[in-house]
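# A look at the structure
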2 protein chains.
Amino acid sequence: MDPQLPEPAPLKALIDALRRLPGVGVRSARRMAYHLLQHDPAGARLLQQAIGTALTDLRHCERCNNFSSEPVCATCSSTERDTGLLCVVETVADQHMIESSHGYHGLYYVLMGRLAPLEGVGPDQLQFRRLLERACDGKVHEVILATNFTAEGETTAHYLGELLRSRGLTVSRLARGVPAGSELEYVDAGTIAWALTERRGH
Amino acid sequence: MDPQLPEPAPLKALIDALRRLPGVGVRSARRMAYHLLQHDPAGARLLQQAIGTALTDLRHCERCNNFSSEPVCATCSSTERDTGLLCVVETVADQHMIESSHGYHGLYYVLMGRLAPLEGVGPDQLQFRRLLERACDGKVHEVILATNFTAEGETTAHYLGELLRSRGLTVSRLARGVPAGSELEYVDAGTIAWALTERRGH
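What you see as residue numbers is a count from 1 along each chain, following the sequence as written. Following the order in which they are written, the chains are lettered starting with A and the ligands numbered starting with 1. With the structure being a predicted model, the display of local features is reserved for residues of pLDDT at least 70 and the display and counting of side-chain atom pairs for 80 or more, all residues being used for whole-chain, interface and lining totals. Note that the side-chain values use all heavy atoms of the structure and ignore hydrogens as well as water.

### Focus: the overall build of chain A
Operational definition: Runs of H or I in DSSP of at least four residues are treated as helices and runs of E of at least two as strands, each being numbered from the N terminus. For every residue, the accessible area (1.4 Å probe, protein chains only) is compared with the maximum for its type, and the residue is labelled buried under 20%, exposed over 50%, or partly exposed between those bounds. The accessible surface values rely on the Shrake-Rupley method and a 1.4 Å probe; as for residues, cover is taken only from the protein chains in view. Lys and Arg are tallied as positive, Asp and Glu as negative. Neither His nor the chain termini are counted. In plain terms, the charge of a residue is placed at NZ if it is Lys, CZ if Arg, CG if Asp and CD if Glu.
A tally of helices and strands in chain A yields 8 helices and 6 strands. Helices (α) and strands (β) of chain A occur, in sequence order from the N terminus, as α-α-α-β-β-α-β-α-β-α-β-α-β-α. Summarising its shape, the C-alpha atoms of chain A cover approximately 65 × 50 × 35 Å along the three principal directions. For chain A, buried positions account for 43% of its 202 residues. For chain A, the accessible surface area stands at approximately 11,000 Å², while carbon and sulfur atoms represent 52% of it. Across chain A, 21 positive and 24 negative side-chain charges occur, with their mean positions spaced 3 Å apart.

Structural data, given as structure tokens:
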């Protein structure tokens, strides 16, 4: 149900630009544009400036590839981290989730993606060479692969596992199994099958 | 579950700015920021420019109060519209919905809000005087109040109705009743009560 009313060009351009944000369709984009213009022009200015500053000032941390305003980010510079452990994640959001579990005190490497041959994302696009250099710094003794348990995440983990093992590193993968607090009746069969295969002594 | 990882200042500023968009929480804002920085810096530049242009070039149409890049918008300048009918809506989105019904060929006035005394939005903030001037141009003979059927929308319609009638204008309101295509069993009692009160000869 697209409107028939003519929209002024600058408004249309703003709506189109907002639609490039992930998860924003034409209806949300329109609501956002109206809101910024009518009720929050100060917020609009702020967003405009924040985009500019972020694009100019942010780079990738030389060690973990996360966004950083310094050559080496605060996490990698921290002296309270176990430098012998390196956890490989697909995205910064995944890194945040692992951090919020309070179960890990090593360092990270953020791939900023996963292998997706159909989308043209291969080992070169993900700069696997940089990860290898990072992992072979002589301090890291174990690399924990924490890519997603999706087809693409698993492929990425498999490929990286081979590469890293060939360099003599210990490689591990997050455990698969029944989620904490869940009832077996409502867990999918694939998960149950994995939990059975990987059962442990009790 | 807020992350413990330190975030570089420009990234944090971008996430905070994105959170000012309606319907965007911290998780979505973070996802948007990562997406723009990692996968769509061109889109980020585009958004930055679009905000700037929209803030600079857009104004309110002198006649209908909608966003426009000209003093009078394309809809109000159209010669194919019935200048005797004026439909008052709360937002541009509402105007789009009415337009997409293909049932109206008059002109519009967009309030850009509704009376909300608790939020400090009164007749002055909504510039009711401008609407009155517009409605009293000598051509308009009927004003259709199409504010929402919420408490605030109804209050706005009631208030505007009194004002406009006192200037000798015919005032009408969108019909209330059972939505098209719906089964009575699933319609709320308030709607049924209205549909009974406003029943018409058949």
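Having put the structure on the table, let's press on.
### Some remarks on the pairing of strand E6 (residues 170-173) of chain B
Residue and element names in this part refer to chain B. Using the following cut-off: We call two strands paired when DSSP finds no fewer than two bridges between them. Crossover handedness is defined here as right-handed if the route from the first strand over the helix to the second strand goes clockwise, with the strands pointing away from the viewer.
With 4 bridges connecting them, strand E5 (residues 142-145) and E6 associate as parallel partners. Looking across to E6, one finds that valine 143 is bridged to valine 171. As a crossover connection, the stretch from E5 through helix H7 (residues 151-166) into E6 is right-handed.

### Some remarks on the interface of chain B and chain A
The cut-off we apply is this: In this description, contact between two residues means that some pair of their heavy atoms is separated by no more than 4.5 Å. When two components associate, each loses some accessible surface as probed by a 1.4 Å sphere; the sum of these losses over both components is called the buried area. For this analysis, a salt bridge means a side-chain nitrogen from Lys or Arg found within 4 Å of a carboxyl oxygen belonging to Asp or Glu. Contacts described as polar in this section are N or O atom pairs within 3.5 Å, which, within protein, must combine one atom able to donate a hydrogen with one able to accept it, while residues neighboring in sequence count only if both atoms come from side chains.
Counting from both sides, the interface comprises 62 residues of chain B and, opposite them, 62 residues of chain A. In total, chain B and chain A occlude about 5,500 Å² of area from one another, counting both sides; carbon and sulfur atoms represent 76% of this. At the surface where chain B touches chain A, the tally comes to 2 salt bridges. Notably, a salt bridge pairs aspartate 40 of chain B with arginine 20 of chain A, separated by 3.0 Å at the nearest N-O pair. Counting across the interface, chain B meets chain A through 8 residue pairs in polar contact (both at pLDDT 80 or more). Residue assignment for the side of chain B that touches chain A shows that the elements contributing at least two residues are helix H1 (9-18), helix H2 (26-39), helix H3 (41-57), strand E2 (67-68), helix H4 (74-77) and helix H5 (92-100) of chain B.

By themselves, these observations are geometric and do not establish any function.
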